[in-house]
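Examining the three-dimensional arrangement
The residues making up each chain are set out below.
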Amino acid sequence: MAWCIGRSEAMNDPVAARRKALGKLRGLESVDDPESLVVPILIDAILMAESYRGARHQITFLDEMTRNVDALIRELNAVEKAREWAEPVTGA
């Protein structure tokens, strides 16, 4: 995947990591039915946060959440590439 916010990046500079994520999410305006991608992830994030509250065991749906996030990022990458390809080519 071309776009990633690494653990160290998120831990060392969370504000920059949030800005990077927000910048990517701005592409949602060009995705067909963005709510169908985002709402399940938000629900999973809420469940994950609640599950981790005081827990010391592995959360069983992290793999599914990762797949959902990966699908969202793939869509956003496609939107970004389509915008790049739509830009006029300027050459010498």
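I will try to describe carefully the structure that is included in this document. Please read all numbers here as calculations on a predicted model, not as lab measurements.

**A few points about the overall build of the protein**
Along the backbone of the protein there are four helices and zero strands. In sequence order, the secondary structure elements of the protein are arranged as α-α-α-α. Looking at the protein alone, contacts between residues at least 24 apart form 56% of all its contacts between residues at least 6 apart. Per element, the accessible surface of the protein, about 7,200 Å² overall, is 57% carbon and sulfur.

**Some points on the packing of helix α3 (residues 34-52) against helix α4 (residues 62-86)**
Axis angle and axis distance: for two packed helices, these are the angle between their axes and the distance between the axes, and together they describe the pair. The contact between α3 and α4 brings their axes to 10 Å, and the two run at 145°. Relative to α4, α3 is oriented so that their crossing is left-handed. Note on element contacts: α4 touches α3 through L62, M65, N68, V69, L72 and E75, opposite L37, V38, I41, D44, A45, M48 and Y52.

**Some points on the pattern of salt bridges**
Under the counting rule described, the total for this entry stands at four salt bridges. The salt bridge partner of E80 is K24, with a shortest N-O separation of 3.3 Å. Residue E80 is located in helix α4, and its partner K24 is located in helix α2 (residues 14-25); the two are separated by 56 residues in the primary sequence. Residue E80 is classed as partly exposed on the basis of its relative accessible area of 35%. What makes K24 buried here is its relative accessible area of 6%.

Thresholds, definitions, all that
- Residues numbered from 1 in each chain as written.
- Predicted model: local features only at pLDDT ≥ 70, side-chain atom pairs only at ≥ 80, totals over all residues.
- Heavy atoms only, no water.
- Helix = DSSP H or I, 4+ residues; strand = E, 2+ residues; numbered from the N terminus.
- Contact = heavy atoms within 4.5 Å.
- Areas by Shrake-Rupley, 256 points an atom, 1.4 Å probe, with all protein chains shown as cover.
- Axes fitted to C-alpha atoms, helices over the stretch in contact; angles between N-to-C directions.
- Left-handed = near helix turned anticlockwise from the far one by under 90°.
- Salt bridge = Lys/Arg side-chain N within 4 Å of Asp/Glu carboxyl O.
- Buried < 20%, exposed > 50% of the residue type's maximum accessible area, 1.4 Å probe, protein only.

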